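# What the coordinates show
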Amino acid sequence: DHKNWCDNEMSKTNASKINKEEKIVELDLKLDEAKASVKLLTTAIQEADDAIAKLAAFMDEATEVRNAGKKENKAAIKDAKQAQDAIAQAVVVLEQFYKESGS
């Protein structure tokens, strides 16, 4: 009777051991998959960070170009207004000249 009990307990223990070994293998596979996923995501994050850095540099360069263009446009507008004022003054002088000369 004791031998039957021992055999039964050994059978349960072996079944439990096999079950736990299978579970370990399954968990090891999941762990390997998770590690592979982490590597892929880390690479994707690095690539995204690189793209962001390039984009930020491009945006900085574009801002510099726009600021330079804005400065040039401001100077051109100032020059155009001065030219417009000079032309208006010249017209006044010419009108006075021709009125005075009678032509």
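Read on for a plain summary of the structure. Just so you know, these numbers come straight off a predicted model, no measurement behind them. (Residues numbered from 1 in each chain as written. Predicted model: local features only at pLDDT ≥ 70, side-chain atom pairs only at ≥ 80, totals over all residues. Heavy atoms only, no water.)

### A few points about the packing of aromatic side chains
Cut-off, in case you're wondering: What counts as a ring pair is set by centres within 6.5 Å for rings of Phe, Tyr and Trp (its six-membered ring), and what kind of pair is set by the plane angle: stacked under 30 degrees, edge-to-face over 60, tilted for all other angles. When accessible area is computed with a 1.4 Å probe and restricted to protein chains, residues below 20% of their type maximum are described as buried, those above 50% as exposed, and intermediate ones as partly exposed.
Evaluated as defined, the whole model comprises one aromatic pair. When the centroid spacing of 5.3 Å and the interplanar angle of 75° are considered together, the rings of Phe97 and Tyr98 count as edge-to-face. Phe97 gets classed as partly exposed once you look at its relative accessible area, which sits at 48%. Judged by its relative accessible area of 44%, Tyr98 falls in the partly exposed class.

### A few points about the pattern of salt bridges
What counts here: The salt bridge definition used is simple: a Lys or Arg side-chain nitrogen within 4 Å of an Asp or Glu carboxyl oxygen. Secondary structure follows DSSP: runs of H or I at least 4 residues long count as helices, runs of E at least 2 residues long count as strands, and numbering of each begins at the N terminus.
This structure, assessed with the given rule, holds four salt bridges. Notably, a salt bridge pairs Asp7 with Lys3, separated by 3.0 Å at the nearest N-O pair. Here Asp7 pairs with Lys3, and both are found in helix α1 (residues 2–101), just four residues apart, close to one helical turn. Look at Asp7 and you get partly exposed, because its relative accessible area is 39%. Linking Lys12 and Glu9 is a salt bridge whose minimum nitrogen-to-oxygen distance equals 3.7 Å. Pair noted here: Lys12 and Glu9 are both in helix α1, with a separation of three residues, about one helical turn. Exposure remark for Lys12: the relative accessible area of 49% places this residue in the partly exposed category.

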